[in-house]
Amino acid sequence: MPIWLALCVVIGIVIGTFYTNHFSGNRLNIINSGSNRLNNLLHIIDDQYVDEVNIDSLVDKAIPQILAELDPHSVYISAKDVQAANDDLRGSFSGVGIEFTIRQDTIHVQNVIKNGPADRAGILAGDKIVAVDGKPFVGKIVTNEEAQHRLKGPKDTKVKLGVLRYGQKKIKEFMITRGEIPQKSITATYMLDDKTGYIRIKNFGETTYAELLIALTKLSQERFTNLVIDLRDNSGGYLEKAVQMANEFLPKNKLIVYTQGRKSPRQDYHSDGHGSYQDIPLVVLINEGSASAAEIFAGAMQDNDRATIIGRRSFGKGLVQKQLQFPDGSMIRLTIARYYTPSGRCIQKPYVMGDGKDYEQDLYSRYQHGEFFNSDSIKHTGPAYHTGLGRVVYGGGGITPDIFIPEDTTNITSYYKQASMSGLILQFAFTYTDDNRLKLNNFKEMMELSDYLVKQNTVEQFAVYADKHGLQRRNLMIQKSHQLLERFINSRIIYNMLDEQAWTAYINLDDPAIGKALKVFEKHAAFPKKPEQKVPARQREKVAYGWTPAIHSPNVHTLIASAYA
C-alpha cells in the first residue's frame with residue numbers, strides 16, 4: 001500500500017506539472033521566466049563583469065527602455081526626481097521662495113514670492129546668489145538642477161545665502177528658513193472688458209479647482225457676464241480636477257468623460273447639477289500645447305454643446321496613467337486606460353509601440369504640413385462623432401476647435417527667429433531690467449509700464465545689444481519685425497518687474513484668439529447651435545413638387561453632416 005500511494009503521488013505531480021506548464025499558466029510562466037532572466041542577468045553582471053558596475057544606475061537606465069516599448073506616456077522616474085515631478089501638480093513645494101535664472105554661471109534672482117521665506121529675509125529681485133551655506137556657488141557647477149537641489153529642502157530647515165546686490169561690492173549674507181511655497185495653476189484672473197472675465201490655467205494640479213472657485217468669485221465681484229477660460233499650453237494633470245471644473249459649467253447628469261482599459265472597467269464621470277455657472281456664455285481657448293486634462297475639459301464642453309472652442313487642434317493625449325511607487329522611492333507612471341469624451345471619441349493621437357520618434361516629432365510634422373496656418377490642412381485620423389446637437393467632431397488626434405485661429409507669421413524674419421530662439425531677447429530683457437530697476441520700480445500697473453517702455457525704444461537698444469553678442473544687425477528685417485520684437489522684449493521686462501498676470505494681460509492685448517472670443521460674445525454665439533440640415537438640389541426639387549423626402553438612415557445622415565460641417 002505505501003508503494004502504491006507513493007506511485008500515485010509521483011504520477012499526480014507529473015500530470016499537474018504538465019497541465020500547469022502547457023495550459024493553465026503559460027502567461028505567468030512567460031512573465032516569471034522573463035523577470036528571472038533579468039534578475040539573473042543583473043546578478044551575472046554584478047558577479048562577473050570585467051569592471052565594477054553600479055547596478056542601481058544600470059536599472060535606472062534599463063526601466064525607461066522597457067516602458068518605452070509600451071507607449072509614449074508610460075515613464076520611469078528615479079527616486080531623486082520624484083519630488084520635482086510631483087511638485088508642479090501638488091500645488092506647493094518646500095524652498096526659499098524665489099524665481100531665478102542662471103546667467104554667466106551665476107544665479108540671478110528674477111522674482112521673489114511675496115511673503116515667502118526669501119522675501120521675509122530681505123532678498124530682492126536682481127540679487128545674485130554667489131554662495132550657499134558658506135561655500136562659493138558660481139561657475140560651471142551652477143545648473144538648474146544643482147541650484148534647486150541646494151535651495152529646496154524640508155520645511156523649517158535653514159540655508160545661508162551669500163548675495164551680491166546691484167551697486168554693492170561686499171557680499172551680504174542671509175539666513176533663510178525654508179517654508180511651503182504655493183505654486184498656483186491659475187496664473188491670471190482679470191476682466192478683458194466690462195463684461196468679460198478671463199482665467200488662464202497652466203495645469204491641473206491638486207489646488208486647481210479651489211483656485212478656480214476663488215477666481216470666479218473675484219470675477220463675480222466685478223460683475224462678469226461672459227467668461228474666457230484659456231487652456232493654451234496647458235499640459236494637463238489630474239483628471240479629477242478637470243472633472244470638478246467641468247461640473248461647474250454643466251447641468252445635471254451630463255457625461256463629462258469616461259475611462260476604460262484592459263484591466264480597468266469603464267468608469268463614467270457625470271455632472272451633479274450643483275455647478276454655479278451653468279448658464280454663463282463660455283469660450284475655451286486651446287492650442288497644440290493643450291493636452292490630457294485640458295483636452296478632457298475642452299472635449300466635455302464641446303461634446304455637450306456648452307462652449308465655443310477657439311484656437312488650434314490640441315495635442316492629442318488620451319491615455320490615463322497611474323503612479324506606482326517602488327520601495328526605493330522611485331516610481332513609474334503606467335498607462336492603465338484610455339479616456340473618452342462624451343460623444344465616445346478617444347482623442348489619443350496614433351503611436352507605434354516602441355517607436356517614439358515619430359510621436360515626438362508630431363507637432364513639428366503638423367507645422368510642416370501647414371496645420372498651424374490653415375484649418376483645411378488638419379488630418380483627422382479617427383472617425384466622425386456627433387455632439388448632443390448633432391455637430392460633427394473627430395477623434396484620433398486632439399480636439400479640433402470650432403473656430404480656427406492660424407498662427408500669424410506675416411512679419412516673422414530670420415532675424416526675429418534667431419533673436420528669439422538664441423535666448424538673446426531673454427538675456428537683454430533681464431539685463432535691461434537689472435540696469436533700470438530703480439526707474440522701473442515706479443510703475444505698478446501693466447499699461448503704465450508698457451507705455452513707458454514704448455517710449456524707451458527697447459527694440460533699438462536690443463539691436464545694439466544683439467550686435468555686440470553675435471547677432472548681426474539687419475535694419476530692414478528689424479523694421480519688418482519691429483512689432484513682434486517690441487512685444488516679446490517688453491513682455492519679458494513686464495514679467496520681470498510685475499508678475500505673470502501682468503505678462504499675460506500684456507500679450508493678450510493684441511491676441512487674435514482673445515479678439516475672436518470677444519466677437520463671439522458680441523454676437524451672442526458662445527452657445528453652439530444645432531447645424532442646419534442642408535437639402536441637396538435634387539431633393540429640393542422633389543419638395544417643390546410636393547413630394548415628401550425619405551427619412552435618412554443614420555449612415556446617410558452622418559455623411560451629410562460631415563459634408564456640410
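This write-up is about the structure you can find in this document. This is a predicted model, so every value here is computed, not measured.

This part takes up the pattern of salt bridges. One pass over the full model with this rule turns up 21 salt bridges. For Asp362, the salt bridge goes to Arg366, with nearest N and O atoms at 3.1 Å. Taken together, the residues span about one helical turn, with Asp362 and Arg366 both in helix α11 (residues 362-369) at a distance of 4 residues. In this structure, Asp362 and Arg366 share a single accessibility class: buried. Residues participating in the shared-partner salt-bridge network are Arg313, Lys349, Asp362, Arg366 and Glu371.

Here the focus is the nonpolar core. Counting residues in each nonpolar core, the largest one holds 47 residues, and the members touching the most others are Leu449, Phe462 and Leu485. In terms of residue count, the dominant contributor to this core is helix α18 (residues 482-497) (6 residues). Contact partners of Phe462, with chain neighbours within four places excluded, come to Tyr415, Ala419, Leu424, Ile425, Phe428, Leu485 and Ile489. Leu212, Ala246, Tyr277 and Ile280 belong to the second largest nonpolar core, which has 42 residues in total.

A sheet is described by the order of its strands in space; here 6 strands give the open sequence β10-β11-β12-β15-β16-β21, paired in mixed fashion. Each end of this open sheet is capped by a strand with a single partner; those strands are β10 (186-191) and β21 (403-404). The sheet contact formed by strand β15 (residues 282-286) and strand β16 (residues 308-311) spans 4 bridges and is parallel. Pairing of Leu285 across the sheet is with Ile310, part of β16. Its contacts with the sheet place helix α9 (residues 293-303) against β12 (226-230), β15 and β16, and it is angled at close to 140° to β15. Docked against the sheet, helix α20 (residues 512-522) engages β11 (196-201), β12, β15, β16 and β21, running at close to 160° with respect to β15.

The rules behind these values
- Throughout this document, residue positions are counted from 1 along each chain, in the order its sequence is written.
- Where local features are concerned, this predicted model is filtered to residues with pLDDT of at least 70; where side-chain atom pairs are given and counted, the filter is 80 or more; whole-chain, interface and lining totals use all residues.
- Side-chain measures here rest on the full set of heavy atoms in the structure, leaving out hydrogens and waters.
- Each salt bridge in this description consists of a side-chain nitrogen of Lys or Arg and a carboxyl oxygen of Asp or Glu lying within 4 Å of one another.
- Elements are defined by DSSP. Helices are runs of H or I of four residues or more, strands are runs of E of two residues or more, and each kind is numbered from the N terminus.
- Burial here depends on accessible area, computed with a 1.4 Å probe over protein chains only, as a share of the maximum for the residue type. Under 20% is buried, over 50% is exposed, and the range in between is partly exposed.
- As used here, the term nonpolar core means buried Ala, Val, Leu, Ile, Met, Phe, Trp, Tyr and Cys residues forming a set that is joined through side-chain atoms within 4.5 Å.
- We call two residues contacting when some pair of their heavy atoms lies within 4.5 Å.
- When DSSP locates at least two bridges between a pair of strands, those strands are taken to pair.
- With axes taken as lines fitted to C-alpha atoms, and helix axes fitted only over the stretch in contact, angles between N-to-C directions fall between 0 and 180 degrees.

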